[in-house]
Amino acid sequence: MVSFLLKVNKAGVVSGTNDVFIVRPAPVLLLGEDLSELFVWGDPIVDESFSASFPEHRSAEFLLDNASGHFYFVLLDKRRGQVTAGNSIFSILPVYFHETADALFLSDNAIRLGKYCGRTTLSGKFVTEVILFNFPVSDQSAIEGVKLLSSGSYLIIEKGGVK
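The rules behind these values
Residues numbered from 1 in each chain as written. Predicted model: local features only at pLDDT ≥ 70, side-chain atom pairs only at ≥ 80, totals over all residues. Heavy atoms only, no water. Pairing = 2+ DSSP bridges. Helix = DSSP H or I, 4+ residues; strand = E, 2+ residues; numbered from the N terminus. Axes fitted to C-alpha atoms, helices over the stretch in contact; angles between N-to-C directions. Contact = heavy atoms within 4.5 Å. Buried < 20%, exposed > 50% of the residue type's maximum accessible area, 1.4 Å probe, protein only. Core = buried A, V, L, I, M, F, W, Y, C linked by side-chain atoms within 4.5 Å. Phe/Tyr/Trp six-rings, centres within 6.5 Å; stacked < 30°, edge-to-face > 60°.

Before going further, it helps to examine the sheet that holds strand S9 (residues 147-149). What the 5 strands build is an open sheet, ordered S2-S1-S8-S7-S9; its pairing is antiparallel. The open sheet has two free edges, formed respectively by strand S2 (21-23) and S9, since each of these has just one partner strand. In this sheet, neighbouring strand axes are inclined to one another by 30° on average, regardless of whether the strands run parallel or antiparallel.

Right, here's the structure in full:
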């Protein structure tokens, strides 16, 4: 089972992906250089040219367009001071997140993330959706204040905010 927990401070400078992991999974693909670092785990499928081409493009879009499979990723852009975190398209691997004034927290487990962030209230919206439709239809998780990131999406965390 893949397990991870990240904390990305909005104001701080991140020098490497080690700075953001609280619970760190084993990387399947790790590309690093002076300007960027890419950390991918899960089951990514890339061809031989990906590693050579990535430093030229250095973007989540390039990763999502050129990799398949079910995976999570963290991309650190040291030039801009950005951390991008997300998951693959059609992913069965969820990314849950909770934002505070100072940081963004991400995990594959909404309950673990909620406990870590002090959020333990069951979401009424989530319960209503599951009762009515037999699955959640919004980005709300089972825990109030913890949201689900859509598949094939990512969040960009940079000084002062989240996009």
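All right, on to the sheet that holds strand S6 (residues 82-87) then. Pairing in this open sheet of 6 strands is antiparallel, and the strands run S3-S4-S5-S6-S10-S11 from one edge to the other. Taken across any chain shown, the strands that pair with only one partner, and hence form the sheet edges, are strand S3 (29-32) and strand S11 (161-162). The strands touched by helix H1 (residues 49-57) are S3, strand S4 (36-45) and strand S5 (68-77); relative to S3, the strand with the most contacts, the crossing angle is about 40°.

Turning next to the pairing of S6. The buried fraction of S6 amounts to 6 of the 6 residues, a majority that puts the element mostly inside the structure. Burial along S6 is two-sided: the residues Gln82, Thr84 and Gly86 and Val83, Ala85 and Asn87 are all buried. Where S5 lies against S6, 6 bridges are found, and the strand directions are antiparallel. Residue Asp77 lies in a different strand from S6, and its bridge partner there is Gln82. What sits between the antiparallel neighbours S5 and S6 is a turn of 4 residues, in which Gly81 has the positive phi angle 70°.

By size, the foremost hydrophobic cluster in this structure holds 21 residues, and its most contacted members are Val74 and Leu106. Listing elements by their share of this core, those giving two or more residues are strand S1 (5-9), S4, S5, S6, strand S7 (95-99), strand S8 (103-107) and strand S10 (154-158). With 3 residues, the single largest contributor to this core is S5. Discounting chain neighbours no more than four positions away, the residues touching Leu106 are Phe4, Leu5, Leu6, Ala85, Val95, Tyr96, Phe97, Leu113 and Leu155.

Summed over all chains, the structure comprises 11 aromatic pairs. With centroids separated by 5.3 Å and ring planes inclined at 65°, the aromatic side chains of Phe39 and Trp41 adopt a geometry described as edge-to-face. Per residue, the accessibility class of Phe39 equals that of Trp41, and both read buried. Plain terms: the ring middles of Phe50 and Phe62 are 5.5 Å apart, the flat faces sit at 20° to each other, and that makes the pair stacked. Note that Phe50 is positioned in helix H1 and Phe62 in helix H2 (residues 60-66), a separation of 12 residues in sequence. For Phe62, a relative accessible area of 13% corresponds to the buried category. Taken together, the ring pairs connect Phe4, Phe21, Phe39, Trp41 and Tyr72 into an aromatic cluster.

To continue, consider the environment of Gly69. When you line up the elements, Gly69 lands in strand S5. Sequence-wise, Gly69 and Phe90 are 21 residues apart; in three dimensions their C-alpha atoms are separated by 8.5 Å.

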